[in-house]
Amino acid sequence: QVQVVESGGGLVQTGGSLRLSCAASGSIFGINDMGWYRQTPGKEREMVARITLAGCTYYADSVKGRFTISRDNAKNTTYLQMNNLKPEDTAVYYCNADVRYIGGIYYSYYWGQGTQVTVSS
């Protein structure tokens, strides 16, 4: 019914930039919050940035001033612009969307499959 797909990961040097995209598709009635999370082996998944339907944004302290989340509601898409990347940003980045599908009653969170971001020192 609903798919969430990330793209844009890759290998970049320290100080470089990447832009991640996440598109939700399917029989979508509406989307509330969208967000980005990341996970490294042996660690719990952590929130990187979130954006509400109204455009309010929230960031982890470790990425404030370097990452910017945005969204295009017409395209059911969210973006994560990552600047001044550091080796500690290396992780699998996952997209998360709070979606209500057509015919459904409640909103539910859907996850993408993840995209690898590697920052070399």
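Residues numbered from 1 in each chain as written. Predicted model: local features only at pLDDT ≥ 70, side-chain atom pairs only at ≥ 80, totals over all residues. Heavy atoms only, no water.

Draft legend 1. A look at the sheet that holds strand S1 (residues 2–7). On the basis of which strands lie adjacent, the open sheet formed by 4 strands has the order S1-S3-S8-S7 and antiparallel pairing. In this open sheet, the two strands that pair with only one neighbour each are S1 and strand S7 (67–72). With strand direction ignored, the average angle separating the axes of adjacent strands in the sheet is 15°. By the bridge criterion, 6 bridges tie strand S3 (residues 18–26) to strand S8 (residues 77–82) in an arrangement that is antiparallel. By the bridge assignment for S8, Ser21 is matched with Tyr79. (Pairing = 2+ DSSP bridges. Helix = DSSP H or I, 4+ residues; strand = E, 2+ residues; numbered from the N terminus. Axes fitted to C-alpha atoms, helices over the stretch in contact; angles between N-to-C directions.)

Draft legend 2. Looking closely at the pairing of S3. With 6 bridges connecting them, S1 and S3 associate as antiparallel partners. When the bridges of S3 are listed, Ser7 appears paired with Ser21.

Draft legend 3. Up close: the nonpolar core. By size, the foremost hydrophobic cluster in this structure holds 29 residues, and its most contacted members are Trp36, Val48, Phe67, Leu80, Met82 and Tyr93. Only S1, S3, strand S4 (28–39), strand S5 (46–51), S7, S8, strand S9 (91–101) and strand S11 (115–120) provide two or more residues apiece to this core. For this core, the element with the highest residue contribution is S9, accounting for 5 residues. Dropping the residues within four chain positions of it, Tyr93 is found in contact with Glu6, Leu20, Trp36, Tyr37, Arg38, Val48, Phe67, Leu80, Met82, Gly114, Thr115 and Val117. (Core = buried A, V, L, I, M, F, W, Y, C linked by side-chain atoms within 4.5 Å. Buried < 20%, exposed > 50% of the residue type's maximum accessible area, 1.4 Å probe, protein only. Contact = heavy atoms within 4.5 Å.)

Draft legend 4. The arrangement of the side chain of Arg66 in detail. Looking at the secondary structure, you find Arg66 in the loop between strand S6 (57–59) and S7. By relative accessible area, Arg66 is classed as buried at 9%. Of the polar contacts made by the side chain of Arg66, one reaches the backbone oxygen of Ser62; its length is 2.9 Å. For Arg66, the contacting residues outside a window of four places in its chain are Gln81, Met82, Asn83, Asn84, Leu85, Lys86 and Asp89. (Polar contact = N/O pair within 3.5 Å; in protein donor to acceptor, adjacent residues only side chain to side chain.)

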